[in-house]
Amino acid sequence: AQSVTQPDIHITVSEGASLELRCNYSYGATPYLFWYVQSPGQGLQLLLKYFSGDTLVQGIKGFEAEFKRSQSSFNLRKPSVHWSDAAEYFCAVGEGSGNTGKLIFGQGTTLQVKP
Amino acid sequence: DTEVTQTPKHLVMGMTNKKSLKCEQHMGHRAMYWYKQKAKKPPELMFVYSYEKLSINESVPSRFSPECPNSSLLNLHLHALQPEDSALYLCASSPGMSGRSNEQFFGPGTRLTVL
């Protein structure tokens with residue numbers, strides 16, 4: 001069965017520092033991968049996605065992610081964090097078998113930004 | 001128009017009340033979803049509609065009743081809820097249900113409190 005693991009439940013970084021949020025997935029074929037961000041009390045906003053092709057994908061708000069098949073990872077990065085980046089981040093993989101529309105979410109990583 | 005809207009933003013109801021949540025999208029998407037989200041947890045899939053027909057019911061109690069009147073609208077009818085049903089209810093839509101077309105766009109959610 002597919003699964004997504006976000007090893008870090010909570011991360012604190014200083015404003016202006018670089019950021020990397022980890023995501024590992026378990027999936028047999030080429031996965032469809034997503035990163036979403038959720039501010040408190042809000043819905044989920046898609047940051048970026050990977051379907052195929054270039055393994056380094058650019059997203060909104062200065063985020064990027066790199067797909068590494070050999071490591072089954074899809075880590076999210078940002079070179080310089082802003083205070084407004086404080087939020088919950090979810091990695092997800094699209095369930096590929098069948099036509100279910102299901103997304104398998106990781107448990108999320110809470111990002112805190114210190115001034 | 002690239003957004004999913006949800007009304008109301010907040011809802012407080014007693015255990016004997018009947019209320020409805022509404023979701024709307026005008027992106028021409030053929031799949032629509034209801035999720036339930038508890039604090040600090042990933043969204044949990046409840047229902048999936050594809051081409052206005054119920055495709056997936058994730059064993060949701062019958063006190064939750066979904067309805068898809070047309071391709072742009074999705075409702076969730078609530079009746080005799082329990083306090084543990086208090087959560088953020090998210091609606092999402094996607095062009096389709098498999099592979100690349102399963103890129104889901106989320107609404108801002110309805111914060112439901114059951115007294």
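Going by the structure above, here's the rest.
What you see is a predicted model; the values in this text were computed from it and never measured.

## Digging into the pairing of strand E8 (residues 64-68) of chain A
Residues and elements named next belong to chain A.
Argument step 1. Here E8 shows a buried face lined by Ala 65 and Phe 67 and an unburied face lined by Glu 64, Glu 66 and Lys 68.
Argument step 2. Direction of pairing for strand E7 (residues 56-58) relative to E8: antiparallel, over a ladder of three bridges. When the sheet's bridge partners are listed, Leu 56 is paired in E8 with Glu 66.
Argument step 3. Between E7 and E8, which pair antiparallel one after the other, the connecting turn spans five residues, and Lys 61 there sits at a positive phi close to 60 degrees.
Argument step 4. Pairing geometry for E8 and strand E9 (residues 73-78), over five bridges, is antiparallel. Residue pairing for E9: Glu 64 is matched across the bridge by Arg 77.

## So, the nonpolar core
Argument step 1. In this structure, Leu 19, Trp 35, Leu 47, Leu 48, Phe 74, Leu 76 and Tyr 89 of chain A are the most contacted members of the largest nonpolar core, which totals 27 residues.
Argument step 2. At the level of elements, strand E2 (10-14), strand E3 (19-21), strand E5 (32-38), strand E6 (45-50), E8, E9, strand E10 (87-94) and strand E12 (109-114) of chain A are the ones that each hand at least two residues to this core.
Argument step 3. Discounting chain neighbours no more than four positions away, the residues touching Leu 48 of chain A are Leu 33, Phe 34, Trp 35, Val 57, Gln 58, Gly 59, Phe 63, Glu 64, Ala 65, Phe 74 and Leu 76 of chain A.
Argument step 4. Met 32, Cys 68, Leu 81 and Val 114 of chain B belong to the second-largest nonpolar core, a separate cluster that totals 22 residues.

## Considerations on the interface of chain B and chain A
Argument step 1. Opposite the 25 residues of chain B that make contact, chain A presents 25 residues.
Argument step 2. Overall, the association of chain B and chain A removes approximately 2,000 Å² of surface from exposure, summing both partners, and the carbon and sulfur fraction of that is 54%.
Argument step 3. The largest per-residue losses of area from chain B upon contact with chain A belong to Pro 42, Arg 100 and Glu 103 of chain B, which jointly make up 25% of the total buried on that side.
Argument step 4. At the boundary of chain B and chain A, one finds two salt bridges.
Argument step 5. In this structure, the salt-bridge partner of Glu 103 of chain B is Lys 49 of chain A, at a minimum N-O distance of 3.4 Å.

## A closer look at the state of the cysteines
Argument step 1. Applying the stated criterion across every chain, the model contains two disulfides over all chains.
Argument step 2. Note that Cys 23 of chain A is cross-linked by a disulfide to Cys 91 of chain A, the S-S spacing being 2.0 Å. Linking Cys 23 of chain A and Cys 91 of chain A, the disulfide has an S-S dihedral of approximately -65 degrees and is accordingly described as left-handed. Taken together, the residues span a long stretch of sequence, with Cys 23 of chain A in the loop between E3 and strand E4 (24-26) and Cys 91 of chain A in strand E10 at a distance of 68 residues. You'll find Cys 23 of chain A and Cys 91 of chain A in the same group, each marked buried.
Argument step 3. For Cys 23 of chain B, the disulfide goes to Cys 91 of chain B, at an S-S distance of 1.8 Å. Since a negative S-S torsion denotes a left-handed disulfide, the Cys 23 of chain B-Cys 91 of chain B link at about -70 degrees is left-handed.

Rules used throughout
Residues numbered from 1 in each chain as written. Chains lettered and ligands numbered in written order. Predicted model: local features only at pLDDT ≥ 70, side-chain atom pairs only at ≥ 80, totals over all residues. Heavy atoms only, no water. Buried < 20%, exposed > 50% of the residue type's maximum accessible area, 1.4 Å probe, protein only. Helix = DSSP H or I, 4+ residues; strand = E, 2+ residues; numbered from the N terminus. Pairing = 2+ DSSP bridges. Core = buried A, V, L, I, M, F, W, Y, C linked by side-chain atoms within 4.5 Å. Contact = heavy atoms within 4.5 Å. Buried area = accessible area lost by both parts, 1.4 Å probe. Salt bridge = Lys/Arg side-chain N within 4 Å of Asp/Glu carboxyl O. Disulfide = S-S within 2.5 Å.

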